[in-house]
Amino acid sequence: MHQREPEPSIRAAQAALRSTLPFADTADLAAADRGFLGTLDDPKILGRDGEVVWDASAYDFLDGDAPDSVNPSLWRQSKLVAKHGLYEVVPGLYQVRGLDLSVMSIIEGDTGVIVVDPLISAETAAAAFGLYRKHRGDRPIHAVIHTHSHIDHFGGVLGIVTQSDLDERRVQIIAPEGFLEHSVAENVYAGTAMARRAGYMYGAALERGPRGAVGAGLGQTTSTGEVAILTPTLEVTATGETHTIDGVEIEFQMAPGTEAPSEMHFYLARYKALCMAENATHTQHNLLTLRGAVVRDPHVWSQYLTEAIERFGDEAQVVFASHHWPTWGNDEIRAFLGIQRDLYGYLHDQTLRLLNQGYTGAEIAEMFQMPPALEASWSTRGYYGSVSHNVKAIYQRYMGWFDGNPARLWPHPPQPLAERYVAAIGGVGRVVELAQEAFDAGDYRWAATLLDHAVFTDSGHAAARALYADTLEQLAYGAENGTWRNFFLSGATELREGTFGTPTVSNAPLILAQLTPEQLFDALAIRVDGPKAWDLDLAFDITLTDLGRSFHLALRNGVLVYVERQPDAGTPLQLVLSKTRLVRLAGGDLESEGIESTGDTSVLSRLLSVLDQDNPNFEIVNP
């Protein structure tokens, strides 16, 4: 694949950054290395069929000074995050870092251990816990804590425990209130679209190297093994709630609606250690992740950080999270948490101040200035979130997509809008000429805008596609944000080589199996092709034998609705089946055994005939 050298304007920008940021400050390097005990003998972790699901050695190129093709600040962060192995946080508390996007923490109790956040995949979780056992012995797992409802904190659970461990009460699964509902919903309702965009966000199809993926800021990338979820046996519901597991007292602090809709912190008095889940890490986090999500609330985020400082700040001697390295020392902890708190509070308050002066999200993002103390802290740099897209997210949270200008209330969609712009400018050839001028002047943002219109007008125009890819590549080289870099490079890759689709899929069968009946019906409803179903009038009853629950479903006007009630003999079709069989039925399996039906079975086939199939290969940079 053809790749251009960094242009002079990019090289100049990298040099300017090297001279302004405090690269002589090596405190994070010492912290990231502190307590290292060893790593895997083989950095490649394999799946059951021999495929590589994680390769820690893929980032061995992250050494020395940053090349001009990588922002030097991002290069520094990636070097820190790529470190992998087992680390002693304090005696009795350990972390395995660098073997997945997230970090696994292991708390030693009186007779065994408590595992915190078992990564994304069973394979990486098993390898991480195996590394711990190699250095600390074969201690039994008494509990698994999921700090929040994102897949990189629960997906690998079957790599370290089994369902029978729960059934026989050998292991507890501890999670915050609402964990199961939010975990499965995020991976199902908009899961296909999120997964496609996540391929861009984490650089799933990119080569690792100085011209490719160097990391995502929060972690390097996502593993690609088997994912699952287990139903919690203990749901934490209140701040101050305390539980003792294997002799270790754990005090919990609820933090819903922060980095995840269901999230919690906890304090270990035995170790004077505070776990901040994913709410205080060594980067500015996302308020709206680029893969897509509901906008997070920076106001409550900052408030929960204040509460953590007040509740635990006088006692804690180490703070650790589910990403990155810990912070040691009480003064250092209070300073770190205070900076993180001020970061999210400042983003929120100043965005609201400026939007109330009439500025739009894009305008606020362009003019936004951080306080010097926040600007100077490595932990607030935009490696994963960014000031630019976080400010726009806050505007969206309060004001929505419309900026109030009536000319922008009803614009044309991208392709017809592009065709009109290109025609007004004088054709695709003229647009490419202007884009080349912008490119040569180092105005890559304008060049990308022009070329976006050109490609959406004539997707086969070779010169437009080539220059567009070159432009995105230069934007990637200059990006401090790891996910921005991945998005730019992924777009360039698809312009040059074609759509790579969705390399990883998260709505695995074991996650689907945890859907409630209501969630399953909602998942079916969003697949109904409305226009095809306009003229259908269908009704049927479902009884779920394993749950002892019955529902009435109806499809009218292209809308599938449901209500829980007892079966009615007058309903055209009665179905009796288990929830597990319902999951297979929702996937289109009409033929397998396990369904008792009474009445007009054509109701079911007519419903299934209007269910759309998700498209994991939809276009992003092409029309």
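As shown above, the structure is provided for reference.
Here goes a summary of the coordinates provided. Note that the structure is predicted; figures quoted are calculated from it, not measured. (Residues numbered from 1 in each chain as written. Predicted model: local features only at pLDDT ≥ 70, side-chain atom pairs only at ≥ 80, totals over all residues. Heavy atoms only, no water.)

### Details of the overall build of the protein
Consideration 1: The number of helices and strands found in the protein is 22 helices and 21 strands.
Consideration 2: In terms of overall dimensions, the protein is globule-like: its C-alpha atoms have a radius of gyration of 26 Å, near the 25 Å expected for 623 residues.
Consideration 3: Counting only C-alpha atoms, the protein reaches 75 × 70 × 55 Å along its principal axes.
Consideration 4: For the protein, buried positions account for 55% of its 623 residues. (Helix = DSSP H or I, 4+ residues; strand = E, 2+ residues; numbered from the N terminus. Rg over C-alpha atoms; globule rule 2.2 N^0.38 Å. Buried < 20%, exposed > 50% of the residue type's maximum accessible area, 1.4 Å probe, protein only.)

### A few points about the sheet that holds strand β4 (residues 85-90)
Consideration 1: The strand order across the open sheet formed by 8 strands is β1-β4-β5-β6-β7-β8-β9-β10, and the pairing between neighbours is mixed. Two strands in the sheet have a free side with no partner beyond their single neighbour: β1 (36-38) and β10 (234-236). The average angle at which neighbouring strand axes cross in this sheet is 25 degrees, direction not considered.
Consideration 2: Strands in contact with helix α4 (residues 122-136) are β1, β4, β5 (93-97), β6 (104-108), β7 (113-116) and β8 (141-145); relative to β6, the strand with the most contacts, it is inclined by about 40 degrees. (Pairing = 2+ DSSP bridges. Axes fitted to C-alpha atoms, helices over the stretch in contact; angles between N-to-C directions. Contact = heavy atoms within 4.5 Å.)

### Details of the pattern of salt bridges
Consideration 1: For the structure on display, the rule yields 33 salt bridges.
Consideration 2: In this structure, R211 and E5 form a salt bridge, with 2.8 Å as the shortest nitrogen-oxygen distance. Here the residue R211 occupies a position in the loop between α7 (191-201) and β10, and E5 occupies one in the segment before α1 (8-20), the gap between them amounting to 206 residues.
Consideration 3: Given a relative accessible area of 25%, R211 falls into the partly exposed group.
Consideration 4: Of the charged contacts, one joins E168 and R170 as a salt bridge, the two residues approaching to 2.0 Å between their closest N and O atoms.
Consideration 5: Here the salt bridges share partners, and the residues they tie into one network are R4, E7, D470, E473 and R496. (Salt bridge = Lys/Arg side-chain N within 4 Å of Asp/Glu carboxyl O.)

### As for the side chain of D246
Consideration 1: Within the secondary structure layout, D246 lies in the loop between β11 (242-245) and β12 (248-254).
Consideration 2: The side chain of D246 is buried and forms no salt bridge, while R270, the nearest opposite charge, is found at 6.7 Å.
Consideration 3: In terms of polar contacts, D246 uses its side chain to reach the side chain of T111, at 2.7 Å.
Consideration 4: Setting aside residues up to four positions removed in sequence, D246 forms contacts with G109, D110, T111, G112, V113 and H142. (Lys, Arg positive; Asp, Glu negative; His and termini not counted. Polar contact = N/O pair within 3.5 Å; in protein donor to acceptor, adjacent residues only side chain to side chain.)

### Overview of the nonpolar core
Consideration 1: Grouped together as the largest cluster of nonpolar side chains are 48 residues, with contacts concentrated most on F540, I542, L555, L575 and L582.
Consideration 2: With residues near it in sequence (within four places) discarded, L575 still touches F540, D541, I542, T543, L585, I595, E596, S597 and L604.
Consideration 3: Ranked by size, the runner-up nonpolar core spans 34 residues in total, among them I333, L343, Y344 and V391. (Core = buried A, V, L, I, M, F, W, Y, C linked by side-chain atoms within 4.5 Å.)

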